[in-house]
Structures are given as structure tokens and as C-alpha cells.
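Secondary and tertiary structure notes
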Amino acid sequence: MTTTEQHIDEKLIPILEQVSDPEIPVLSIMDMGVVRSAVVINNIVKVEITPTYSGCPAMDVIGDDIKKALHEAGYKSEVDLILYPAWTTDWITPRGRKALEDYGIAAPLDADADKDVLLNGKRIVKCTNCGSQNTRMVSQFGSTACKAQFQCENCQEPFDYFKCLK
């Protein structure tokens, strides 16, 4: 598991938890782990965010949403995009993983299991509808590049699997 220190002022956490990921609105940016730093310096909140992958189109929207939420809470802010260290699915919180599953997106497996699923067809991704592992990959790409499309062989429901990114 890859971890890094987050430096987030406690009083800013409730505000940032209200900012949703625009591609997966049931997840906050805090649950996704994209906020790496949020501190108040000279009455300005300085926020650093890391994209889930280079070129992620949601980052501009996330930056604007952070500024709006902080402005509504009475803060001026600056949001910077940082690329190092690179974001990893290890940064998704347990609450975020549960929210993904409840929303119908299978949470990422660890790196080795992910490779077995995506490259070797191993059936270990749980269906988000019925919980069966009798699932198969339909496409390497789902609704976004960071997801793969799966289908359950038991209930026949299609669902996305969030790929492990390291």
C-alpha cells in the first residue's frame, strides 16, 4: 500500500468533504484522496490536489468546486495541482470504497489481483448487485479510462470496476 502524509487543517475537512468528485458524485474529494494539503496561510486557504491520472479532465472542475466551497465558508483560496507523488487507488478511503460499491462500481483490488483480473481473466471482482465473483470483463475500458466494464454471469448485471492505479 502506498501512503503519503496529508497536511489538512482540521477546520477545513468538513468543507472539503462537501466537494464531490464530478465523475463519481457519491464520493467526496477527501474520500478519493486527491486533497494532499489544505492549510490557512495569511488568511488564504492554500490547497494542493493530485489528479487521479495525468490529464484527468475533472481536475479543473474540482479546483473550481473547492474554491466555491471555501468562498461560501468565508475563505479566499488558491488551488494548485501537484503531480508528485502520483495518486494511487490506495488513497481511496474505506468510506470511499464502500460508497463506490454502493453506487455500483467495484472498488479496486490490490495490484497483483488487478493484473490477474485484467490480463488473465481471473474471476475475483465481486458483482456490485448480487455479490457473486462469477463475473467477466467485457471491456478494458468502462465509463472512464480508469474503469473496466464487467458483467455478472449470475444476475447478468453490467457494472464498472475501478482499476488499481499505482
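Residues numbered from 1 in each chain as written. Predicted model: local features only at pLDDT ≥ 70, side-chain atom pairs only at ≥ 80, totals over all residues. Heavy atoms only, no water.

Let's talk about the overall build of the chain
Along its length, the chain carries five helices and eight strands. The linear arrangement of helices and strands in the chain, starting from the amino end, is β-α-α-β-β-α-β-α-β-α-β-β-β. In terms of C-alpha radius of gyration, the chain reaches 17 Å, essentially the compact-globule figure of 15 Å for 166 residues. Dimensions of the chain along its principal axes, counting C-alpha atoms only, are 55 × 25 × 25 Å. In the chain, buried positions account for 42% of the 166 residues. In the chain, of all internal contacts separated by at least 6 residues, the share reaching a separation of at least 24 is 52%. Approximately 8,800 Å² of the chain is accessible, and the part contributed by carbon and sulfur atoms is 49%. (Helix = DSSP H or I, 4+ residues; strand = E, 2+ residues; numbered from the N terminus. Rg over C-alpha atoms; globule rule 2.2 N^0.38 Å. Buried < 20%, exposed > 50% of the residue type's maximum accessible area, 1.4 Å probe, protein only. Contact = heavy atoms within 4.5 Å. Areas by Shrake-Rupley, 256 points an atom, 1.4 Å probe, with all protein chains shown as cover.)

A few points about the environment of glycine 96
On the secondary structure map, glycine 96 appears in helix H4 (residues 94-103). Judged by its relative accessible area of 0%, glycine 96 is buried. Residues glycine 96 and glycine 33 lie 63 residues apart in sequence; the distance between their C-alpha atoms is 9.0 Å.

Concerning the domain arrangement of the chain
By domain assignment, the chain separates into domain 1 (7-91) and domain 2 (104-162). On a C-alpha basis, the centres of domain 1 and domain 2 stand 28 Å from each other. Each side of the interface is counted separately: domain 1 has five residues, and domain 2 has five residues. Here domain 1 packs against domain 2, burying approximately 450 Å² in sum over the two surfaces, 82% of which is carbon and sulfur. Interface area lost by domain 1 to domain 2 is led by Ile24, Tyr53 and Thr89, which between them contribute 69%. The interface formed by domain 1 and domain 2 contains zero salt bridges. Where domain 1 touches domain 2, the interface holds zero residue pairs in polar contact (both at pLDDT 80 or more). (Domains from an automatic or database assignment. Buried area = accessible area lost by both parts, 1.4 Å probe. Salt bridge = Lys/Arg side-chain N within 4 Å of Asp/Glu carboxyl O. Polar contact = N/O pair within 3.5 Å; in protein donor to acceptor, adjacent residues only side chain to side chain.)

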